[in-house]
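Letter by letter, the chains look like this.
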Amino acid sequence: MNGHGKSDRFVVPANPPNKAAAAEAGEERERAKGNTDGETRPGRSAGMGVSSGLDRVREVARRDKDARFTALLHHVSLERLRWAYWALSPKAAPGVDGVTWEDYGRDLEANLRDLHERVQGGRYRAKPSRRAYIPKADGRLRPLGIAALEDKIVQRAVVEVLNAVYETDFLGFSYGFRPGRGQHDALDALTAGIGRKKVNWVLDADIRDFFTSVDRVWLMRFLRHRIADERVLRLVGKWLAAGVMEEGVWSEGAGTPQGASASPLLANVYLHYVLDLWAEWWRRHRARGDVIIVRFADDFVCGFQHQRDAQRFLADLRQRMARFGLELHPEKTRLIEFGRFAAANRAGRGLGKPETFGFLGFTHICGKTRSGRFQVRRVTIAKRVRTALSRVKDQLRNRLHLPIPEQGRWLASVVRGHMAYYAVPGNIHAVAAFRDEVTRLWYKALRRRSQRTTVDWARMNRIQARWLPRARIMHPYPDARLDARTQGRSPVR
């Protein structure tokens, strides 16, 4: 780097464009300019003499992209801590101290007042996260850090304050873990972008072990671009340095503990400077054709008009990631031919159908409408279906001797939850197949309850019709929903 505590011109590109030019261009939203390549100046701050609410913080952050906020901790008020407590799940697993949501709430006001005094007085100390593991789709285990209850409360309150600053900075194609944005918003933007732009090549990218690979030194330097309140920065430093406890043994850990309330925001800040601003600068200054970008957390998809642009972007991206301690997953990162002309182009070269790619639980396929027009088809990833059915099978064993109505209510909630996410246009057959497989597993479980069972398929069909909701499309077409959400002023910004 050119100097301590700041980034050179190619680390944080100067003066990124104001308007989106890719998948998010369909949103027609103004976008934030990035930091300049010089030192950030103090600017105005949401400090003394300013309203205690966050509206003033948002307004200053929106108007002055170089402002560094020197007084933010006072926004972590007793009321905000109380809101953070009630926003937590009562069933969440406890941290290393064993304090549950219910235990803490028995003397809630006294506990929150004591916590507020410690936070404001600098006497708050973060506890180590408790290490837990959950299985991943590829058979490996994903490490999670379960924070102590007080740490969850403080992190949620601080994240709400920091969101007031960073939501004005984050770019339009960033969708992961942001207020008012979800996975289907990212899926809509990607589908609309491929359909509306000249996309012939798709880069399906994934960052290897992102949360544990975040460089904490760089993260703190990125935070200082906007945050000059040392008390807030010390809080973040305490969370990062708290470490993890696993089987009674403390370790320092690495990156940001996945599962902590502050990790999604910190990850978005890191990728905002490492990836988003750079990618936006690259497509404005290096690309020869259309480029679309959609990112959800550490998973992102880029579409390109020209193969040469895609290859250059991938090569430059690998170098960019390496500068900040990140690496693209070699098996999950692929450059494929995909788009409205992909099938015809591949047929002309004697090749097969265009390859597919997975994003946020859906396999994306080059398809056609009944009228013959190009359409991005989205089908549930087969591995996700197998995993969900395996869980249903295991749970049915535990509920084997419960009354049929009780089993039916539980399975109905499973099917409804599956449809709430996967029942998108064009995926009705996969959703119906999931319902049929749940019925088959239920049928086997009911017949296993007795050697003199009276459950046959005629009765099972009646049970299925009584308890399991019919498969139906739950989401509108991506173009329609994207246009409705972004008509006039964006509801997100």
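So what exactly am I meant to see when it comes to helix α14 (residues 404–422) here?
Owing to its 3.6 residues per turn, the α-helix brings residues three or four apart onto one side. For α14, with 19 residues, the first-to-last C-alpha span of 26 Å sits near the 27 Å given by 1.5 Å per residue. Of all the residues in α14, the buried ones are Ile 404, Gln 407, Gly 408, Trp 410, Leu 411, Ala 412, Val 415, His 418, Met 419, Tyr 421 and Tyr 422. Tucked into the core, α14 has its buried residues touching α6 (183–196), β10 (362–368), β11 (374–380), α13 (382–398), α15 (428–447) and α16 (457–467).

Help me understand the packing of aromatic side chains, please; the structure alone is not making it clear to me.
Aromatic ring pairs: the centre-centre distance and the angle between the two ring planes describe each pair. One pass over the structure, following the stated rule, counts 21 aromatic pairs. Measuring from ring centre to ring centre gives 5.5 Å for Trp 86 and Trp 101, while their planes differ by 75 degrees; the resulting arrangement is edge-to-face. Of the two residues, Trp 86 is situated in helix α2 (residues 78–87) and Trp 101 in helix α3 (residues 101–105); the sequence distance between them amounts to 15 residues. Trp 101 gets classed as buried once you look at its relative accessible area, which sits at 16%. Seen in terms of ring centroids, Trp 278 and Phe 313 are 5.3 Å apart; in terms of plane orientation they differ by 40 degrees. Their pairing is tilted. Within this pair, whereas Trp 278 is found in helix α10 (residues 263–285), its partner Phe 313 is found in helix α11 (residues 307–323), the two being separated by 35 residues in sequence. The exposure class of Trp 278 is buried, given its relative accessible area of 6%. Every member of this aromatic cluster is reached through a ring pair, and the members are Phe 210, Phe 211, Trp 218, Phe 222, Tyr 270, Tyr 273 and Phe 324. Sitting over the face of the ring of Tyr 175, Arg 181 holds its NZ or CZ atom 4.5 Å from the ring centroid. It is Arg 466 that lies over the ring of Trp 467; its NZ or CZ is 4.0 Å from the centre.

Help me out: how do you make sense of the sheet that holds β11 in this one?
Strand-to-strand pairing in sheets goes through backbone hydrogen bonds, with the strands running parallel or antiparallel. Spatially, the 3 strands line up as an open sheet ordered β9-β10-β11, and their pairing is antiparallel. Where the open sheet ends on each side, the last strands, each with one partner, are β9 (357–359) and β11. Across the sheet, the mean angle from the axis of one strand to that of its neighbour is 40 degrees, orientation sign disregarded. As defined by bridge partners, β9 adjoins β10 across 3 bridges and the pair is classed as antiparallel. From the neighbouring strand, Gly 358 faces β10, where its bridge partner is Thr 363.

Please explain the environment of Val 244 as it appears in this structure.
Tracing the sequence through the fold places Val 244 in strand β4 (residues 244–246). Val 244 sits in the buried class, given a relative accessible area of 4%. Placed 116 residues apart in sequence, Val 244 and Pro 128 show a C-alpha to C-alpha distance of 4.8 Å. Discounting chain neighbours no more than four positions away, the residues touching Val 244 are Pro 128, Ser 129, Arg 131, Val 249, Trp 250 and Ser 251.

What counts and what doesn't
Residues numbered from 1 in each chain as written. Predicted model: local features only at pLDDT ≥ 70, side-chain atom pairs only at ≥ 80, totals over all residues. Heavy atoms only, no water. Helix = DSSP H or I, 4+ residues; strand = E, 2+ residues; numbered from the N terminus. Expected span 1.5 Å × (residues − 1). Buried < 20%, exposed > 50% of the residue type's maximum accessible area, 1.4 Å probe, protein only. Contact = heavy atoms within 4.5 Å. Phe/Tyr/Trp six-rings, centres within 6.5 Å; stacked < 30°, edge-to-face > 60°. Lys NZ or Arg CZ within 6 Å of the ring centre and 35° of its normal. Pairing = 2+ DSSP bridges. Axes fitted to C-alpha atoms, helices over the stretch in contact; angles between N-to-C directions.

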